[in-house]
Amino acid sequence: KEFDLTAFFYNPNIHPREEYERRLGEVERYCKENDIPLLTGEYDTGRWFTAVEGMEEEKEGSRRCEICYRVRLEKTALAARAHGMSCFAATLTVSPYKKALVINRIGREVGEQCAMWFYEADFKKQDGFKKSCELSKHYNFYRQAYCGCIYSISRDRAQT
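Residues numbered from 1 in each chain as written. Predicted model: local features only at pLDDT ≥ 70, side-chain atom pairs only at ≥ 80, totals over all residues. Heavy atoms only, no water.

Novice: So what about helix α3 (residues 63-82)? Which residues, and what values?
Specialist: An ideal rise of 1.5 Å per residue puts 28 Å on 20 residues; α3 measures up with 28 Å between its terminal C-alpha atoms. Those residues of α3 not exposed but buried are Arg64, Cys65, Cys68, Tyr69, Val71, Arg72, Leu73, Thr76, Ala77, Ala79 and Ala80. (Helix = DSSP H or I, 4+ residues; strand = E, 2+ residues; numbered from the N terminus. Expected span 1.5 Å × (residues − 1). Buried < 20%, exposed > 50% of the residue type's maximum accessible area, 1.4 Å probe, protein only.)

Below you can see the structure in the form of structure tokens.
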């Protein structure tokens, strides 16, 4: 309520392309229904694969994930700055599988590098994850079964 929001969708980590398109479609629908401006970054999978090269076998929550967060937060900060915004944030911390301390640290570092203020939060607190699930039901959102990374989907499928 204290901010004028603009959403930014930049997720070169999401694979396959059909999954990326499905998630983007959900964000587009939500933004349209709620009159929220939406900026969309390039689906730059090459940049993402280059950034995480050599870390394919690392577990979820590892250094590979930190690099993935950094790639995405850097692009978010640059987009916010280019559009004259005073700060940027990330919804990543709503997930119970992602560490807010790590995301917020990376966000601060990126913010300093880009001369932007990073809004630190842990959106899973105060039942944030539960509220996100309730909103998903209300809007009939598709809810993915993995973070989006090709390495996480490969492991998830191998374990089932």
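On we go.
Novice: Talk me through the packing of α3 against helix α4 (residues 100-114); I want residue IDs and the actual numbers.
Specialist: Between α3 and α4, whose axes approach to 9 Å, the crossing angle comes to 40°. It follows from the interaxial angle that α3 and α4 lie oblique. Considering only the axes of α3 and α4, their crossing is right-handed. Together, Glu66, Tyr69, Arg70, Leu73, Glu74, Ala77, Leu78 and Arg81 of α3 and Val102, Ile103, Arg105, Ile106, Gly107, Glu109, Val110, Gln113 and Cys114 of α4 make up the contact between the two elements. (Axes fitted to C-alpha atoms, helices over the stretch in contact; angles between N-to-C directions. Parallel < 35°, antiparallel > 145°, perpendicular 65-115°, else oblique. Left-handed = near helix turned anticlockwise from the far one by under 90°. Contact = heavy atoms within 4.5 Å.)

Novice: I'd like a description of unusual backbone geometry, backed by residues and values.
Specialist: With an omega of -5°, the peptide bond running from histidine 15 to proline 16 counts as cis. Topologically, proline 16 is positioned in the loop between β1 (7-9) and α1 (17-33). Positive phi, normally seen in glycine, also occurs at glutamine 126, with a value near 55°.

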